[in-house]
Amino acid sequence: MDSSDEERYMELAREQPGILCLEVPSELLTEAASEAEPTKFFEEFFTAGYIGWLALKYGRRLRPPQLQVDRAILALWYRACLLSTNRLLGQSNEYDDQPFFSDEGLY
């Protein structure tokens, strides 16, 4: 992924923290699934989206403890990998109508 793609996806995380799983670009999911663990970019991407989603949920910006953010990063990355696999196989999944950056129900 080049730097312009990374910036475009970071903008998505910052500006659309309520985006549904079904709406996330397949290219982004494929890139997430191509790594054995979240890269530095995906750590930053999921952090931005997760903190934005918390702001939508609670109506104010807050900074959760780093352990909570770290857990969310792993859960969201894992779900991105599952979404990528399901799309490649042409299968629907239980997450399609859920907010992409939400970690509710993932633990």
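Coordinates for the structure precede this section.
Quick caveat: nothing in here was measured; it's all calculated off a predicted structure.

Caption draft 1: The arrangement of the overall build of the protein chain in detail. Counting its regular elements, the protein chain contains four helices and zero strands. From first element to last, N terminus to C terminus, the protein chain shows the α and β order α-α-α-α. The C-alpha atoms of the protein chain give 13 Å as radius of gyration, which agrees with the globular expectation for 107 residues (13 Å, within 12%). Projected onto the principal axes, the alpha-carbon positions of the protein chain cover approximately 40 × 30 × 25 Å. Taken over 107 residues, the protein chain has a buried fraction of 43%. Across the protein chain, every contact between residues at least 6 apart in sequence was considered, and the portion connecting residues at least 24 apart equals 70%.

Caption draft 2: Spatial organisation of the pattern of salt bridges. For the structure shown, the criterion picks out three salt bridges. Note that Arg-14 is salt-bridged to Glu-7, the shortest N-O span being 2.8 Å.

Caption draft 3: Up close: the nonpolar core. Counting 31 residues, the largest nonpolar core has Leu-28, Phe-41, Phe-42, Phe-45, Phe-46, Phe-100 and Phe-101 as the members making the most contacts within it. For this core, the secondary structure elements donating two or more residues are α1 (3-15), α2 (26-33), α3 (40-58) and α4 (66-88). A per-element tally of this core places α4 first, with nine residues. Ignoring any residue separated from it by four or fewer positions in sequence, one finds Leu-28 in contact with Met-1, Tyr-9, Phe-41, Phe-42 and Phe-45.

Caption draft 4: Region of the structure containing the side chain of Asp-103. Topologically, Asp-103 is positioned in the segment after α4. Among buried charged residues, Asp-103 stands out as having no salt bridge; its nearest opposite-charge side chain is Lys-57, 6.5 Å away. Of the polar contacts made by the side chain of Asp-103, one reaches the side chain of Tyr-50; its length is 3.2 Å. At 2.9 Å, the side chain of Asp-103 forms a polar contact with the side chain of Tyr-107.

Caption draft 5: How the structure looks around the environment of Cys-21. Structurally, the position occupied by Cys-21 is in the loop between α1 and α2. Residues within four places of Cys-21 in sequence aside, it is in contact with Arg-79, Leu-83, Arg-87, Tyr-95, Asp-96, Gln-98, Pro-99 and Phe-100.

Caption draft 6: How the structure looks around α4. The first and last C-alpha atoms of α4 sit 33 Å apart over 23 residues, in line with the 33 Å expected at 1.5 Å per residue. At the exit of α4 stands Gly-90, carrying a positive phi of roughly 70°.

Analysis parameters
- Residues numbered from 1 in each chain as written.
- Predicted model: local features only at pLDDT ≥ 70, side-chain atom pairs only at ≥ 80, totals over all residues.
- Heavy atoms only, no water.
- Helix = DSSP H or I, 4+ residues; strand = E, 2+ residues; numbered from the N terminus.
- Rg over C-alpha atoms; globule rule 2.2 N^0.38 Å.
- Buried < 20%, exposed > 50% of the residue type's maximum accessible area, 1.4 Å probe, protein only.
- Contact = heavy atoms within 4.5 Å.
- Salt bridge = Lys/Arg side-chain N within 4 Å of Asp/Glu carboxyl O.
- Core = buried A, V, L, I, M, F, W, Y, C linked by side-chain atoms within 4.5 Å.
- Lys, Arg positive; Asp, Glu negative; His and termini not counted.
- Polar contact = N/O pair within 3.5 Å; in protein donor to acceptor, adjacent residues only side chain to side chain.
- Expected span 1.5 Å × (residues − 1).

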